[in-house]
Amino acid sequence: MSAVLTDASFEQARLKLTAPELLRQAAYIDGKWVQGRATIAVHNPASGGLLGTVPALGAAETASAVEAAHRAFGSWRQLAASARAVILRRWFELMMTHGEDLARLMTAEQGKPLSEARGEITYAASFIEWFAEEARRAYGDIIPGHLTDKRLLVIKQPVGVVAAVTPWNFPAAMITRKVGPALAAGCTVVLKPSELTPFSALALAHLAEQAGVPAGVFNIVTGEPTDIGQVLTADPRVRKFTFTGSTRVGKMLAARCMDTVKRVSLELGGNAPFIVFDDADVDAAVEGAMASKFRNTGQTCVCANRLLVQAGVYGRFAEALSQRVAAMVVGDGLAGDTQQGPLINEAAVQKVERQVQDATSRGGRVLTGGERICGLFYKPTVITGATPEMEFFREETFGPLAALVKFDTEADAVRLANDTNAGLAAYVFTRDLSRSLRVSEALEYGMVGLNTGLISTTVAPFGGVKESGIGREGSMYGMDEYLDIKLVCAQVDAG
């Protein structure tokens, strides 16, 4: 027991938080910090050390969180949009004030480089700021009447209690991108964060409490997903379910939601093509590939998964990319400046190892990387000679592996890019204006990065097509996911 406590104390001391109270080891339900009979250990993936524990709550506690959100909904929805906006604005300001602490906490539990964690906190806070402003703009419409004695009014009203399930790869931004518009619209929320990265969520709840978010409006239930998910998908008081995670799990959860016909939004897996044409600025394409492929150690749903490079620039692009990748600094984000951290767990490392072995066994050639360093650290890897028959082409890697597939024609590129059930993000590098428009329109994806490897921003809609999801997050479209449209057809007597 003492060894465990010492280990946790060591990891917590490494955080060097100016506000230690941000490390919350309790769930948050109805404005109270709640303990459970059992706990889940949270480890730093870089060191393997114990960072702390959170309650392993189950169905009963989740039901109480839903009840709290249901009870708080009436008063929260009646609050003037301007008043909700003021509270959300205070939450945003507190996130920015405590940005460094939030970033260090994120790096400790998730592993991403500290510079990336800082960027994510700014990005996460921007959703709260944006939707604080959008709260005032949930406009309706007046439609010209179909008869002289009729008036048609369209109003937008909050859906109700929202259940949100968020992943470990962006443990702050994936929360605020859902909770921001939900609270702005007048909904209340029960959040289930990943059991791998709960501390970022709990720190956000602490700041929301400080900002004046009323009890029951924002609740966080920690624990294993099975029992919690069963309640969130089955309880009829939950009127909206939003999930970011794997396609397999998303399909299962969405099916359960149909028993009570909940509104559902899903942001699921990707298999992003990164297309480089002969006429591209190769240096810019390499920069784009570095930003897209290796951000968060390749653990993003929109990261380049299949690099399709036209024959004329294939060798040049491969050489330039491998040089940049070989120079990346890999290490613990709390121990110094790094450009890549560990993968999230052993299963993630083994998946990358399996895909590299599969690619090399089928004729692929490793230009750099291709092996584990130690623990959960894996060398950033570039493989040439890749083909569509390899495992990486069909299965999202979620790791630092860039495999290059050669193509000849524009038609080949589009065909290869669309040869997947996923449809989240795609990237195109070309200096030909006509080609850029043709290919962008032909790609079966919800988002296209044209001559850029970074596409996510608060003010633009985020989401996919095909099996990559339903609905959009962020931007003015993100509010609509949490609002019901109601028609009022009014009889107007002649004067």
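Position labels on residues start from 1 in each chain and follow its written sequence. Side-chain atom pairs in this predicted model are given and counted only at pLDDT of 80 or more, local residue features only at pLDDT of at least 70, and totals for whole chains, interfaces and linings cover all residues. Working from all heavy atoms in the structure, the side-chain values ignore hydrogens and water.

S.K.: Provide a residue-level description of the packing of helix α5 (residues 114–134) against helix α6 (residues 173–185), including the pertinent values.
M.R.: Their axes nearest at 8 Å, the elements α5 and α6 cross at an angle of 10°. As summarised for this structure, α5 and α6 are arranged roughly parallel, according to the angle between their axes. Of the residues in α6, those touching α5 at Glu120, Tyr123, Ala124, Phe127, Ile128 and Phe131 are Ala173, Thr176, Arg177, Gly180, Pro181 and Ala184. Axis angles are defined between N-to-C directions and span 0 to 180 degrees, where every axis is a line fitted to C-alpha atoms and, for a helix, only to the segment in contact. Helix and strand assignments follow DSSP, with helices taken as H or I runs no shorter than four residues and strands as E runs no shorter than two, numbered in order from the N terminus. Any angle that falls under 35 degrees is termed roughly parallel, while one over 145 is termed roughly antiparallel, one within 65 to 115 roughly perpendicular, and all others oblique. Contact definition: two residues touch when any of their heavy atoms are within 4.5 Å.

S.K.: Lay out the layout of surface pockets with the relevant residues and their values.
M.R.: Cavity: a set of points on a 1 Å grid over the protein atoms alone where a 1.4 Å probe fits but cannot get out. Pocket: an open set with protein on both sides within 12 Å along at least five of seven lines, its lining residues, like those of a cavity, having an atom within 4 Å of a point. Grid points are joined across faces, edges and corners, and a volume is the space filled by probe spheres set on the points. The space that makes up the largest pocket amounts to roughly 1300 Å³. Taken together, 46 residues line the largest pocket, and the ones lying closest to its centre are Phe243, Gly245, Ser246, Thr247 and Val249. Looking at the lining of the largest pocket, the elements with two or more residues in it are α8 (225–234), β10 (238–244), α9 (247–257), α12 (346–361) and α13 (391–394). It is α9 that provides the largest number of residues to the lining of the largest pocket, a total of six residues. Residue classes follow a fixed rule: Ala, Val, Leu, Ile, Met, Phe, Trp, Tyr, Cys and Pro count as nonpolar, while Asp, Glu, Lys and Arg count as charged, and any other residue, Gly among them, counts as polar. The residue makeup of the lining of the largest pocket, split by class, is 19 nonpolar, 16 polar and 11 charged.

S.K.: Account for the nonpolar core, with residues named and values stated.
M.R.: Counting residues in each nonpolar core, the largest one holds 68 residues, and the members touching the most others are Trp91, Met95, Leu183, Val189 and Phe218. Here this core gets 11 residues from one element, more than from any other, and that element is α5. With residues up to four places along the chain from it excluded, the contact list for Trp91 reads Ile128, Val179, Leu183, Leu204, Leu207, Ala208, Ala211 and Phe218. Residues enter a nonpolar core if they are buried and are Ala, Val, Leu, Ile, Met, Phe, Trp, Tyr or Cys, with the set joined through side-chain atoms within 4.5 Å. Burial classification: accessible surface area is computed with a 1.4 Å probe over protein chains only, and a residue below 20% of its type maximum counts as buried, one above 50% as exposed, and the rest as partly exposed.

S.K.: Now, about unusual backbone geometry: what can you tell me, with residues and values included?
M.R.: The phi torsion at Lys16 lies on the positive side, around 55°, for a residue other than glycine. Residue placement: Lys16 occurs in the loop between α1 (2–15) and β1 (27–29). Given a relative accessible area of 64%, Lys16 falls into the exposed group.

S.K.: Describe helix α11 (residues 314–326), listing the residues and the values that go with them.
M.R.: The length a helix should cover is 1.5 Å for every residue beyond the first. Compared with the 18 Å implied by 1.5 Å per residue over 13 residues, the 18 Å span of α11 between its first and last C-alpha is a close match. Residues Tyr314, Phe317, Ala318, Leu321, Ser322 and Val325 constitute the buried set of α11. Down the axis of α11, the smallest arc covering the buried residues is 125°, so these residues share one side. Facing away from the buried surface of α11 by more than 90 degrees, the exposed residues are Arg316 and Gln323. Looking at the buried side of α11, the elements it contacts are β12 (272–276), α10 (282–293), β13 (304–310), β14 (365–368), β17 (381–386) and β18 (401–407). By arc we mean the arc of the directions from the helix axis to the C-beta atoms, nothing more.

S.K.: Requested: an account of the sheet that holds strand β19 (residues 425–429), with residues and values cited.
M.R.: Pairs of strands are assigned from DSSP output, requiring at least two bridges between the strands. Taken in spatial order, the seven strands line up as β14-β17-β18-β13-β12-β19-β20 in an open sheet, and their pairing is mixed. Strands at the two margins of the open sheet, each flanked by one partner only, are β14 and β20 (447–450). On average, each strand axis in the sheet is tilted by 25° relative to the strand beside it, whichever way the strands run. Contacting β14, β17 and β18, α12 crosses the sheet at an angle of about 30° to β18. The sheet strands contacting helix α15 (residues 433–442) are β12, β13, β19 and β20, and the helix crosses β20 at an angle near 160°.

S.K.: Please give an account of a nonpolar patch on the surface that cites residues and values.
M.R.: Two joining distances apply to patches: 9 Å for like charges and 5 Å for nonpolar side chains (Val, Leu, Ile, Met, Phe, Trp, Tyr), and every residue must have over 30% relative accessible area and no salt bridge. Note on areas: Shrake-Rupley with a 1.4 Å probe; residue coverage comes only from the protein chains shown. Salt bridge, as used here: a side-chain nitrogen of Lys or Arg that lies within 4 Å of a carboxyl oxygen of Asp or Glu. On the surface, Ile142, Leu153, Ile155 and Val488 cluster together to form a nonpolar patch covering roughly 330 Å² of accessible area. Assignment of secondary structure puts Leu153 in strand β6 (residues 150–158). Take Leu153: its relative accessible area is 32%, and that puts it in the partly exposed class.

S.K.: Tell me about the packing of aromatic side chains, and please be specific about residues and values.
M.R.: Paired rings are identified among Phe, Tyr and Trp, the last through its six-membered ring, by centres lying within 6.5 Å, and are further divided according to the angle between planes into stacked (under 30 degrees), edge-to-face (over 60) and tilted (the rest). Taken as a whole and judged by the stated rule, the model has eight aromatic pairs. Both rings, one in Trp168 and one in Phe398, keep their centres 5.7 Å apart while their planes meet at 90°; by these two values the pair is edge-to-face. You can see Trp168 sitting in the loop between β7 (161–165) and α6 and its partner Phe398 sitting in the loop between α13 and β18, a full 230 residues away along the chain. The buried category is assigned to Trp168, whose relative accessible area is 17%. Among the aromatic residues, ring-to-ring pairing joins Phe274, Tyr427 and Phe429 into one connected group. Think of it as a cone above the ring: NZ of Lys or CZ of Arg counts as a charge over the ring if it is within 6 Å of the ring centre and within 35 degrees of the ring normal. Over the ring of Phe393 we find Arg306; its NZ or CZ atom is 4.7 Å from the centre of that ring. Above the face of the Tyr314 ring, Lys406 is positioned so that its terminal group lies 4.9 Å from the ring centre.

S.K.: Break down empty space enclosed by the protein for me, with residues and values.
M.R.: Applying the stated criterion to the full structure yields one cavity of 30 Å³ or more. Taken as a whole, the largest cavity spans an internal volume of roughly 50 Å³. Lining the largest cavity are Ser265, Leu266, Glu267, Phe462, Gly463, Ile470, Gly471, Arg472 and Glu473. In the lining of the largest cavity, the residues fall into three nonpolar, three polar and three charged.

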